[in-house]
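Structure at a glance
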Amino acid sequence: MNQRVTFRGWWLPILLIAPQVIISAVFFFYPAGQAIWQSLFIPDPFGLSSVFVGLGNFEFLFSDKFYRASFVTTAVFSILVTLCSMIPALFLAVMADRLIKGSGTYRTMLIWPYAVAPAIAGVLWLFMFNTRVGVVSWYLGQLGYDWNHVLNGGEAMGLVVVASAWGRISYNFLFFLAALQAVPRSVIEAAAIDGARFWKRFWTVVLPLLSPTAFFLLVVNIVYSFFETFGVIHTITSGGPQQSTTILVYKVFADGFVGQDLGSSAAQSVILLFVVGLLTIIQFKYIEKKVHY
Amino acid sequence: MANKINGMVEKRGSGLWLTHVFMVFGVLIIFFPIWLAFVASTVTQPEIVKPPMPLWPGDQLWENYSKALVSGINVPVSTMLVNSFVMAISIAVGKIIISLLSAFAIVYFRFPGRNFFFWMIFLTLMLPVEVRIVPTYEVVASFGMLNSYSGLIFPLIASATATFLFRQFFLTIPDELAEASRVDGASPMRFFWDIVLPMSRTNIAALFVILFIYGWNQYLWPLLITTEPEMNTIVMGIKQMFPSGDDVADWPVIMATSILAMIPPVIVVVGMQRLFIRGLVDSEK
């Protein structure tokens, strides 16, 4: 950073920064510290005292088959959400970019789902696939397919994946379209003069130029499916059937608030902290690279 | 952008109508869930519970929406809408004010602890509410802020993203402006008020759009701390409208509520599309 003109005084800047620092300390750092502290204890059932167990909660978690299953569920879920939201978005963005007129209208139509909260998206998709009244499940029934995500874990997973990916298509579409429109026309024209047709140009010229955007979206979508899909899962499946859609964040909630197992829930929070930290570092490594080219 | 020069690149002809077909098809698929919710909010309960439900709107729009808004199921939806507005606007405005001030302090002053505070704010990026729910809930409960607006708002109001965005922007404001106002003997706050704030207008507006939607769409946090139906926000309140046992849900009212819950953010996103896209790209990159 170059030398900037600054103002003198130290009490004014402290005063200016105080609101953010105080709120961060009270609602971010203290609770995070508490989570780490609590993760080392097991409270008794009445909450009167707690026993220090060191890393016992963590050992227990990693030997717990439900927790390990939740890791796998989260991995499967986030990979599927990322793919199901990025591929259609890329396709639509490529199509929209080909249009000279009308791409703005399509864009306006396609960004709607972004504004819809994950929990509302969950309700909409639940309604379509509801076993009693759902339109889609009814037509599937007519075709001879008996849809029942309440009992079938695979179908439940499919439904929460689609409901979570739906709103993200808008988001990814906007970023892909912006990236496509930033591809220099001269590069495309050069390829066209060399005789490359549209799809050939797409694979050999455009896609490599999109890769920074794609990587960025990959990380952002994984973060999204880890942490922001709680509403979808809570409204559609509540983690069931048989925990087949219990992702890690849902399990922190279920064990901490429903099961009242505070030590275990805190230990899970700490593990998630590491996951967020890792993802944030990856994201910033990427931004650093991008700044320097 | 409107008149891209075509040059050698084919943009017309056989491929074009096919492109439109794909786009229309894509839009229809993406739109279908919203359409279906709208249709369901305009028909009667018997039409829905006897599948397949119609795919074209009925004539019960007024009945369903007024029933939802006036009586709702646990609490009138109008109450939940007010709660959502208070929460979303307070979070957006609060985050913007807090971040503007702290970014201004970080960019325009050298004070003891500056780096420490900077990293402290930076680290909050790694602490989404989802990973600290139980202890944060305990803090809020110990302050007696359960079922209150302050409990809904404060834990979500500190935003490292907004602070960084403003910091990046302030770094692009020419040094001469600060120099000039210092020579003129203007106080730092005068400079902030007269120069920095007016220059940040577009950034503030773009960020407002993003933060409003962030606040409006919160689910987990309101679910934890609002146990009284009167304090429910609309996004989390919908789940509470489903019956717990084997009873059939009141789908027309629930779907009318879903539509009501998405109207404000959709208006903000579609109406302020340019600002929204700008805010999105800026705040993520």
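Nothing here was measured: the structure is a model prediction, and the numbers come from that model.

1. Topic: the domain arrangement of chain B
Residues and elements named next belong to chain B.
- Looking at the assigned domains, one finds that chain B contains domain 1 (2-67) and domain 2 (71-281).
- The distance between the C-alpha centroids of domain 1 and domain 2 comes to 31 Å.
- If you look at the interface, domain 1 gives 14 residues, while domain 2 gives 13 residues.
- Here domain 1 and domain 2 share an interface that buries about 1,100 Å² over both sides, 70% of which is from carbon and sulfur atoms.
- It is Gln45, Tyr65 and Lys67 in domain 1 that bury the most area against domain 2; as a group they hold 49% of the surface buried on that side.

2. Some details on unusual backbone geometry
- Unlike most non-glycine residues, A:Gln243 shows phi in positive territory, near 60°.
- Relative to the helices and strands, A:Gln243 resides in the loop between helix 11 (230-236) and helix 12 (248-258).
- Note on A:Gln243: relative accessible area 33%, which makes it partly exposed.
- Positive phi, normally seen in glycine, also occurs at B:Asn147, with a value near 55°.
- Along the polypeptide, B:Asn147 turns up in the loop between helix 6 (133-142) and helix 7 (149-153).
- Under the relative-accessibility criterion, B:Asn147 is labelled buried at 18%.

3. Quick look at the packing of helix 8 (residues 160-171) of chain B against helix 11 (residues 201-216) of chain B
All names here are of chain B.
- It is at 11 Å that the axes of helix 8 and helix 11 come closest, and there the two elements cross at 160°. When the axes of helix 8 and helix 11 are compared, the pair comes out roughly antiparallel. The crossing of helix 8 and helix 11 is right-handed. Residues Ala162, Leu165, Phe166 and Phe169 of helix 8 form the contact with helix 11, whose own contacting residues are Asn203, Ile204 and Leu207.
- In terms of residue class, the contact of helix 8 with helix 11 is made up of six nonpolar, one polar and no charged.

Cut-off values and rules
- Residues numbered from 1 in each chain as written.
- Chains lettered and ligands numbered in written order.
- Predicted model: local features only at pLDDT ≥ 70, side-chain atom pairs only at ≥ 80, totals over all residues.
- Heavy atoms only, no water.
- Domains from an automatic or database assignment.
- Contact = heavy atoms within 4.5 Å.
- Buried area = accessible area lost by both parts, 1.4 Å probe.
- Helix = DSSP H or I, 4+ residues; strand = E, 2+ residues; numbered from the N terminus.
- Buried < 20%, exposed > 50% of the residue type's maximum accessible area, 1.4 Å probe, protein only.
- Axes fitted to C-alpha atoms, helices over the stretch in contact; angles between N-to-C directions.
- Parallel < 35°, antiparallel > 145°, perpendicular 65-115°, else oblique.
- Left-handed = near helix turned anticlockwise from the far one by under 90°.
- Nonpolar A, V, L, I, M, F, W, Y, C, P; charged D, E, K, R; others polar.

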